[in-house]
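# Structural overview
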Amino acid sequence: MRLTVAQALVRFLAVQWTERDGQRFRLIRGVFGIFGHGNLPGLGEALLNHRELDLPFYRFQNEQAMVHTAIAYAKHMDRLSTFACTSSIGPGATNMVTGAAAATINRLPVLLLPADYFANRFPDPVLQQLEHPLDFDASVNDTLRIVSRFFARITRPEQLLSALPQAMRVLSDPAETGAVTLALPEDVQTEAYDWPEAFFAPRVWRVRRPPPEPEALEGAVQRIRGAQKPLIVAGGGVRYSGASEALRQLVEKRGIPVTETQAGKGSLPWDHPLNLGPLGVNGSLAANRLAEGADLIIAVGTRLTDFVTASKTLFQNPQVRFVNINLVPGDAHKMGGWPVVADAREALRLLHEALGEHATPLVYRQEAMELKRAWEAEVDRLRQGREGNGLTQAEVIALVNDVFPDGIAINAAGSMPGDLLKLWRTQDPKGYHVEYGYSTMGYEIPAGLGVRLAEEAREVVVFIGDGSYLMMNSELVTARAYGLSFLVILVENRGFQSIRGLQHSLGSPEFGNELKDGQGNPLTVDFAAHARALGAKVYEVHTPLELRKALEAVRGDQGVRVIVAHVDPEQRTPGYAFWDVPVAEVSDHPEVRAARERYEEAIKRRRWFL
Ligand SMILES: Cc1ncc(C[n+]2csc(CCOP(=O)(O)OP(=O)(O)O)c2C)c(N)n1
Ligand SMILES: [Mg+2]
């Protein structure tokens, strides 16, 4: 078949499928894009003239945002389906770098198709070309290499024949997935080639579920049998592999308490007696207390980041050991753990079978459930807000959760990820969607689009701070253009209050975080008018009563709805663990010196796990 490179690419993408547990999904559900001279003649033409392929095109406002939308969609689809993102050369391509990093760090698939400079080099330099002084081949797209799990520059048409199947393999492999980049020179996209027809036959990429090796399983069983105080850390791997039921069966029979990471929240329903809530820096009192004395941590599908381990200060039992169930060998080997390289659901199922009648001591289980009850009472208290009329962020979260118990909470950065992790209550992992691998301000609204594209039934609730809203809000327009409905809760607290709080803990006065003018006077922004100008239906609230009324008004309504909630920045939700953020070692300021002393005291709890 004689087709251009872009036409062949589009044709190929339209017939790729994933399959897992007998279910099939389109691997590439459609294409997001912004055109320029780099991709209009090639991909633009191919997408326009091949609309029979069921590869719908969505035109965005910002390339970074379109990558966020793709990975949010992929996250909600348990990584079985994603979108391709096409950009022009130069700034359009480099705008995707942040999204690519978020994809790769969170292990979420996305196919990036940045245009690239002419392969024939006639026009050198074409508009937006880098012209690296030493490296004639270098392109700004090379910035995507380090944040991609697979990268190829297609400089001849026939390279697609080998590069595309590899790209699909990486996208659909649960251990390798992340950003996959095919850089497409402007001229090559338009070049014709005689393609073998078999290249365009539908392909199914089976998403693997590798079971653990018998020796790895046996080692885990022995360690669990030998433990008196085991604790499970449920990460995103539980969610993506659909292992909640296997986890529930295992822990109910064995009496092993469960704690959750940002990506793993909802692995068990929030009110399950053995779900002790989140762990680590943003953890619950219950989970952190148990973690401190645990003699075995069974980490399932987690990257064990600093927020989970409280920068390696959380686990204080000198005997503590780790068993790490993970598809990624690098994760399975962290914390000097016993590695079980396997799919979470398969590993939990086989562990359950192999453990016979084993269960934890009754006193331990009772202690765990007692801590759980005390923690839920504390959450109830925090969710109440405080006396008087003003709103707190905790109260906003609670009121939204009460009106939308089945809603999907989206967030990524600021003080909200920690508050949501502690306070949002969900029955299942899909009710919670916080990107905390890269914690990207600006993920929130694009993610609302992505989750809505994946989910028809549940309310999608985008929580966004005023700082993050100012950084990226323009995809509200895209949502309107394609009739995508969601609710935005814009929490206004005069700027970057999470970082302001951090600054305070480092011994510094406010500097560079609050929204102020050059003279230091508060700068007000009419967020409601702004969101209205972009086409949203807007409500503005200052009190719990007003918020409740607005939530009732937006419930059941369609379209983009924005509630601007003004909260008291001084009312913060407490934290219960250390996070390693270093303090200046020398300073003229006594507050900084005091903070340094506190820091040096805190890091005495840091431990090596070898
Ligand atoms: C793209 C990006 N830039 C900077 C940061 C560092 N950062 C984390 S939170 C934050 C402030 C967020 O402000 P806002 O959204 O208003 O939330 P608040 O802190 O007030 O809760 C900043 C600057 C980040 N996470 N992402
Ligand atoms: Mg803020």
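Computed from a predicted model, the values in this text were never measured in an experiment.

## Things to note about the overall build of the chain
- Scanning the chain for helices and strands turns up 24 helices and 23 strands.
- In terms of overall size, the chain behaves like a compact globule, its C-alpha atoms giving a radius of gyration of 25 Å where 610 residues would be expected to give roughly 25 Å.
- Taken along its principal axes, the extent of the C-alpha atoms in the chain is 70 × 65 × 55 Å.
- Going through the 610 residues of the chain one by one, you find that 59% of them count as buried.
- Pairs at least 24 apart in sequence give 76% of the contacts found in the chain among residues at least 6 apart.
- Roughly 24200 Å² of accessible area belongs to the chain as shown, and the carbon and sulfur atoms make up 53% of that amount.
- For the chain, the centre of its 65 positive side-chain charges and the centre of its 72 negative side-chain charges are spaced 4 Å apart.

## Side note on helix H3 (residues 63-76)
- With 14 residues, H3 should cover 20 Å at 1.5 Å per step; its first-to-last C-alpha distance of 20 Å lies within 8% of that length.
- Most of H3 sits out of view: 14 of its 14 residues are buried.
- Its side-chain oxygen placed 2.7 Å from the backbone nitrogen of glutamine 64, asparagine 62 serves as the N-cap of H3.
- At the C-terminal side of H3, aspartate 78 shows a positive phi close to 55 degrees.

## Topic: the site of ligand 1
- The full set close to ligand 1 counts 16 residues, and Ser415, Asp466, Gly467, Gly495 and Ser498 are the nearest of them.
- Between ligand 1 and the protein, one listed contact pairs an oxygen atom with a side-chain N or O atom of aspartate 466 at 2.6 Å.
- Looking at side-chain class alone, the shell around ligand 1 contains five nonpolar, ten polar and one charged residues.

## Observations concerning the packing of helix H16 (residues 393-403) against helix H17 (residues 416-423)
- Look at H16 against H17: their axes get within 10 Å of each other, and the N-to-C directions meet at 50 degrees. As far as their axial angle goes, H17 and H16 are oblique. Relative to H17, H16 is oriented so that their crossing is right-handed. Listed contacts from H17 to Gln393, Ala394, Ile397 and Asn401 of H16 are Met416, Asp419, Leu420 and Leu423.
- A per-class count over the contact of H16 with H17 returns five nonpolar, two polar and one charged.

## Re the packing of aromatic side chains
- With the rule as written, the count across this model stands at 20 aromatic pairs.
- Relative to tyrosine 58, the ring of phenylalanine 32 lies with its centre 5.5 Å away and its plane at 85 degrees, an arrangement referred to as edge-to-face. Of the two residues, phenylalanine 32 sits in strand E4 (residues 28-33) while tyrosine 58 sits in strand E5 (residues 57-59), which places them 26 residues apart along the sequence. Taken individually, phenylalanine 32 and tyrosine 58 each receive the classification buried, so the pair is uniform in this respect.
- Here the aromatic residues Phe32, Tyr58, Phe60, Tyr73, Phe83 and Tyr482 are joined through ring pairs into a cluster of three or more.
- It is lysine 265 that lies over the ring of tyrosine 432; its NZ or CZ is 5.3 Å from the centre.

## Digging into the sheet that holds strand E12 (residues 230-234)
- Pairing in this open sheet of six strands is parallel, and the strands run E14-E13-E12-E15-E16-E17 from one edge to the other. Bordering the open sheet on either side are strand E14 (275-278) and strand E17 (338-341), each of which pairs with just one other strand. Taken pair by pair, the neighbouring strands of this sheet meet at an average axis angle of 20 degrees, ignoring direction.
- Across the sheet, helix H11 (residues 285-293) touches E12, strand E13 (258-260) and E14, and the angle it forms with E14 is around 100 degrees.

## Structural notes on the UniProt feature "domain: Thiamine pyrophosphate enzyme TPP-binding" (unreviewed entry) in the chain
- UniProt annotation of "domain: Thiamine pyrophosphate enzyme TPP-binding" (unreviewed entry) refers to residues 413-564 when read in the numbering used here.
- Here residues 413-564 is 39% helix and 17% strand, with 18 Å between the C-alpha atoms at its ends.

## Thoughts on the domain arrangement of the chain
- With domains assigned, the chain is organised as domain 1 (2-206), domain 2 (214-373) and domain 3 (385-566).
- Inter-centroid distance (C-alpha atoms) of domain 2 to domain 3 is 31 Å.
- Between domain 2 and domain 3, the contact holds 16 residues from the first and 17 residues from the second.
- The junction of domain 2 with domain 3 conceals about 1500 Å² of combined surface from both sides, 58% of it contributed by carbon and sulfur atoms.
- Broken down residue by residue, the surface that domain 2 buries against domain 3 is led by Gln262, Lys265 and Trp270, which jointly contribute 47%.
- At the boundary of domain 2 with domain 3, the tally comes to zero salt bridges.
- Between domain 2 and domain 3 we count seven residue pairs in polar contact (both at pLDDT 80 or more) in total.

## Quick word on unusual backbone geometry
- With an omega of -10 degrees, the peptide bond between aspartate 124 and proline 125 qualifies as cis.
- By the secondary structure assignment, proline 125 is in the loop between strand E7 (110-116) and strand E8 (150-153).
- Backbone geometry at arginine 107 places phi at a positive 60 degrees, although glycine is not the residue there.
- Within the secondary structure, arginine 107 is located in the loop between helix H5 (97-105) and E7.
- The phi dihedral of glutamine 128 falls on the positive side, at around 80 degrees, and the residue is not glycine.

## A word on the environment of alanine 299
- Position of alanine 299 among the secondary structure elements: in strand E15 (residues 296-300).
- Relative accessible area serves as the criterion here: at 2%, alanine 299 is assigned to the buried category.
- Taking C-alpha positions, alanine 299 is 6.2 Å from valine 323, a pair spaced 24 residues apart along the chain.
- When neighbours within four sequence positions are excluded, alanine 299 is seen to be in contact with Val233, Leu304, Val323, Asn324 and Ile325.

Thresholds, definitions, all that
Residues numbered from 1 in each chain as written. Chains lettered and ligands numbered in written order. Predicted model: local features only at pLDDT ≥ 70, side-chain atom pairs only at ≥ 80, totals over all residues. Heavy atoms only, no water. Helix = DSSP H or I, 4+ residues; strand = E, 2+ residues; numbered from the N terminus. Rg over C-alpha atoms; globule rule 2.2 N^0.38 Å. Buried < 20%, exposed > 50% of the residue type's maximum accessible area, 1.4 Å probe, protein only. Contact = heavy atoms within 4.5 Å. Areas by Shrake-Rupley, 256 points an atom, 1.4 Å probe, with all protein chains shown as cover. Lys, Arg positive; Asp, Glu negative; His and termini not counted. Charge placed at Lys NZ, Arg CZ, Asp CG, Glu CD. Expected span 1.5 Å × (residues − 1). Polar contact = N/O pair within 3.5 Å; in protein donor to acceptor, adjacent residues only side chain to side chain. Near = heavy atom within 4 Å. Nonpolar A, V, L, I, M, F, W, Y, C, P; charged D, E, K, R; others polar. Axes fitted to C-alpha atoms, helices over the stretch in contact; angles between N-to-C directions. Parallel < 35°, antiparallel > 145°, perpendicular 65-115°, else oblique. Left-handed = near helix turned anticlockwise from the far one by under 90°. Phe/Tyr/Trp six-rings, centres within 6.5 Å; stacked < 30°, edge-to-face > 60°. Lys NZ or Arg CZ within 6 Å of the ring centre and 35° of its normal. Pairing = 2+ DSSP bridges. UniProt positions renumbered as here; feature names shortened; annotations may be inferred. Domains from an automatic or database assignment. Buried area = accessible area lost by both parts, 1.4 Å probe. Salt bridge = Lys/Arg side-chain N within 4 Å of Asp/Glu carboxyl O.

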